[in-house]
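Next come the chains, spelled out residue by residue.
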Amino acid sequence: MNGFLKSYPHSLTTGGDPLIEKSNIGKEYPERTFEIEKCKIRELARAIGDKNKIFYDDDAAREDGFEGMAVPPTFFTLFAMAGGLEYVIKDLEINMAKLLHGGQEYEYFKPVKPGDVVKAKTIITDVIEKSGKAGTMDFVVMETTYINQNEEPVLRDKCTLVVRR
Amino acid sequence: MAQPKVLFNNIEVGYEIPPLVKNPITETQLVMYAGASGDFNPIHTVHAFGEKAGFGGVIGHGMLSMGFAGQFMTNWVGVTAVKKLAVQFRAVTKPKNVITVSGTVVKKYTEDGQNMVDCEFLAVNQDGDKIIMGTATAELS
């Protein structure tokens, strides 16, 4: 993690925010609902520069065995902010200027397709304090599980936030 | 592009996944990614903000780099084959950076009757700086 943190300017690190309490582990946030939308799939694929037709065209995706337009692996980042991150940032009173995205994991259980409606529930699974060359930081791990309209789990999102002091 | 079919029997530990070399990141691309992803942190789009933050300008979204990693994997095995994708963010990207993602198969196994491979990958810029380090798990035919 050091290379990443070193590249962030020291000028952003001011003050001494209170520690993030371990007691936040296990905290659950309210459920939210999202729809998988075609325009957003195309928009994300285009921004990434991924020209694979299955992310733009239903027919191309069907020819490849999909039920509808395919969804890129990082698509669920669209729901990250409204899908839990916003709650966590407010609830833990995290200063955005000190917040870094340390790591991101996606585990895929079942494909989603346009028109699917997913429900998301976020839980804080870990809070760790780490000290290194770049100083002491709090690591907050949040996990969000997405369930489709048939109550089947489709994806687990594990996001590690790094909060500099 | 058809969904590629990678055969489990043809892949051994140490196999080098075809690398993905992206076009240089542009400021316009960061604006597009902000709109697409909903991450409107001005550090990615407003030059003056990036300067004030000490980067000399805007920096790329971490999730854009992970998006490249996703493309790297789906180009190789297709979308539905990817069962897990995980990254650690190591350094920021900047406009004009040329990102290359490369990786290898590190484990090959059968689990619940499925043919699985674990992979490790790295995204670097044109100077060889590590942008992200990651792992992926894929189910092969």
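About the cut-offs
- Residues numbered from 1 in each chain as written.
- Chains lettered and ligands numbered in written order.
- Predicted model: local features only at pLDDT ≥ 70, side-chain atom pairs only at ≥ 80, totals over all residues.
- Heavy atoms only, no water.
- Domains from an automatic or database assignment.
- Contact = heavy atoms within 4.5 Å.
- Buried area = accessible area lost by both parts, 1.4 Å probe.
- Salt bridge = Lys/Arg side-chain N within 4 Å of Asp/Glu carboxyl O.
- Nonpolar A, V, L, I, M, F, W, Y, C, P; charged D, E, K, R; others polar.
- Core = buried A, V, L, I, M, F, W, Y, C linked by side-chain atoms within 4.5 Å.
- Buried < 20%, exposed > 50% of the residue type's maximum accessible area, 1.4 Å probe, protein only.
- Helix = DSSP H or I, 4+ residues; strand = E, 2+ residues; numbered from the N terminus.
- Pairing = 2+ DSSP bridges.
- Axes fitted to C-alpha atoms, helices over the stretch in contact; angles between N-to-C directions.
- Arc of directions from axis to C-beta.
- Polar contact = N/O pair within 3.5 Å; in protein donor to acceptor, adjacent residues only side chain to side chain.
- Phe/Tyr/Trp six-rings, centres within 6.5 Å; stacked < 30°, edge-to-face > 60°.
- Lys NZ or Arg CZ within 6 Å of the ring centre and 35° of its normal.
- 1 Å grid on protein atoms, 1.4 Å probe; cavity = no way out; pocket = protein on both sides within 12 Å on 5 of 7 lines; lining within 4 Å.
- Points joined across faces, edges and corners; volume = space filled by probe spheres on them.

**Regarding the domain arrangement of chain A**
Residues and elements named next belong to chain A. You can read the domains of chain A as domain 1 (21-36 + 75-165) and domain 2 (37-72). For domain 1 versus domain 2, the distance between C-alpha centres works out to 25 Å. Of the residues lining the interface, 8 residues belong to domain 1; the matching set on domain 2 comes to 10 residues. Buried surface at the junction of domain 1 and domain 2, both sides included, amounts to about 830 Å², of which 75% is carbon and sulfur. On inspection of domain 1 and its partner domain 2, the count reaches 1 salt bridge. For Glu-67, the salt bridge identified is with Lys-113, shortest N-O distance 3.9 Å. Here the residues of the side of domain 1 that touches domain 2 are counted per class, giving 5 nonpolar, 1 polar and 2 charged.

**Some points on the nonpolar core**
Judged by nonpolar contacts, the single largest core of 65 residues is most densely connected at Phe-76 of chain A together with Met-73 and Trp-76 of chain B. Element by element, the count of residues in this core is highest for helix α3 (residues 62-77) of chain B, at 9 residues. In this structure, Phe-76 of chain A is in contact with Ile-36, Tyr-106, Val-112, Val-118, Tyr-146, Val-154 and Leu-155 of chain A, ignoring residues within four places of it in sequence.

**With respect to the sheet that holds strand β2 (residues 82-89) of chain B**
The 10 strands are arranged β1(A)-β3(A)-β4(A)-β5(A)-β2(A)-β2(B)-β5(B)-β4(B)-β3(B)-β1(B) in an open sheet whose pairing can be described as antiparallel. The open sheet is flanked by β1 (32-35) of chain A together with β1 (16-21) of chain B, the only strands paired with a single partner. The mean inter-strand angle of the sheet, taken between neighbouring strand axes irrespective of direction, is 20°. Both strand β4 (residues 135-147) of chain A and strand β5 (residues 153-164) of chain A contribute to a ladder of 11 bridges, which runs antiparallel. What sits directly across from Asp-138 of chain A, in β5 of chain A, is Val-163 of chain A. Sheet strands touched by helix α4 (residues 81-91) of chain A: β1, β2 (99-108), β3 (117-132), β4 and β5 of chain A. Its angle to β1 of chain A, the strand with the most contacts, is close to 145°. Contacting β2 of chain A together with β1, β2, β3 (100-111), β4 (114-124) and β5 (130-140) of chain B, α3 of chain B runs over the sheet at an angle of about 145° to β2 of chain B.

**As for α4 of chain A**
All names here are of chain A. Along α4, the positions that sit buried rather than exposed are Gly-83, Gly-84, Leu-85, Val-88 and Ile-89. Summarising the axial view, the buried residues of α4 lie within an arc of 130°, below the 170-degree limit, and thus occupy one face. Positive phi appears at Glu-93, one or two residues downstream of α4, with a value of about 55°.

**A closer look at the interface of chain B and chain A**
On the chain A side, the residues contacting the 35 residues of chain B number 36 residues. Between chain B and chain A lies a buried interface of about 3,100 Å² when both sides are counted; carbon and sulfur atoms form 60% of it. When the area that chain B buries against chain A is broken down by residue, the three leading residues are Ala-36, Met-63 and Phe-89 of chain B, summing to 17%. Here chain B and chain A share 0 salt bridges between them. Inspection of the chain B/chain A interface yields 10 residue pairs in polar contact (both at pLDDT 80 or more). Counting only elements with at least two residues in the side of chain B that touches chain A, the list comes to α1 (27-37), α3 and β2 of chain B. When its residues are assigned to classes, the side of chain B that touches chain A shows 20 nonpolar, 11 polar and 4 charged.

**Some words on the packing of aromatic side chains**
The geometry of an aromatic ring pair is captured by two quantities: the separation of the ring centres and the angle between the planes. Enumeration over the complete set of coordinates arrives at 10 aromatic pairs over all chains. When the centroid spacing of 4.4 Å and the interplanar angle of 15° are considered together, the rings of Phe-34 of chain A and Phe-79 of chain A count as stacked. With a gap of 45 residues between them, Phe-34 of chain A in strand β1 and Phe-79 of chain A in the loop between α3 (58-63) and α4 connect regions that are remote in the sequence. The exposure class assigned to Phe-79 of chain A is buried, which follows from its relative accessible area of 6%. Taken together, Phe-34, Phe-75, Phe-76, Phe-79 and Tyr-146 of chain A form an aromatic cluster joined through their ring pairs. In this structure, Lys-130 of chain A is placed above the aromatic ring of Phe-139 of chain A, and the distance from its NZ or CZ to the ring centre is 4.5 Å. Sitting over the ring of Phe-8 of chain B, Lys-108 of chain B keeps its end group 4.5 Å from the ring centre.

**Details of the layout of surface pockets**
Roughly 990 Å³ of internal volume is contained in the largest pocket. For the largest pocket, the lining is made up of 47 residues, of which Leu-99 and His-101 of chain A together with Asp-39, Asn-41 and His-44 of chain B are closest to its centre. At the level of secondary structure, the elements contributing two or more residues to the lining of the largest pocket comprise α4, β2, β4 and β5 of chain A together with α1, α2 (47-52) and α3 of chain B. In terms of residue count, the dominant contributor to the lining of the largest pocket is β2 of chain A (5 residues). In terms of residue class, the lining of the largest pocket is built from 28 nonpolar, 15 polar and 4 charged.

**A short note on the pattern of salt bridges**
All names here are of chain A. Under the definition given, this model contains 16 salt bridges over all chains. The partner of Lys-27 in a salt bridge is Asp-91, and the shortest N-O contact between them spans 2.9 Å. With Lys-27 in the loop between α1 (2-6) and β1 and Asp-91 in helix α4, this residue pair connects regions lying 64 residues apart in the sequence. What makes Lys-27 partly exposed here is its relative accessible area of 29%. On the basis of relative accessibility, which here comes to 34%, the residue Asp-91 falls in the partly exposed class. The shortest N-O distance in the salt bridge between Arg-156 and Glu-107 comes to 2.7 Å. Residue Arg-156 is found in strand β5, and its partner Glu-107 is found in strand β2; the two are separated by 49 residues along the sequence. Looking at Glu-107, the relative accessible area reads 24%, which means it is partly exposed.

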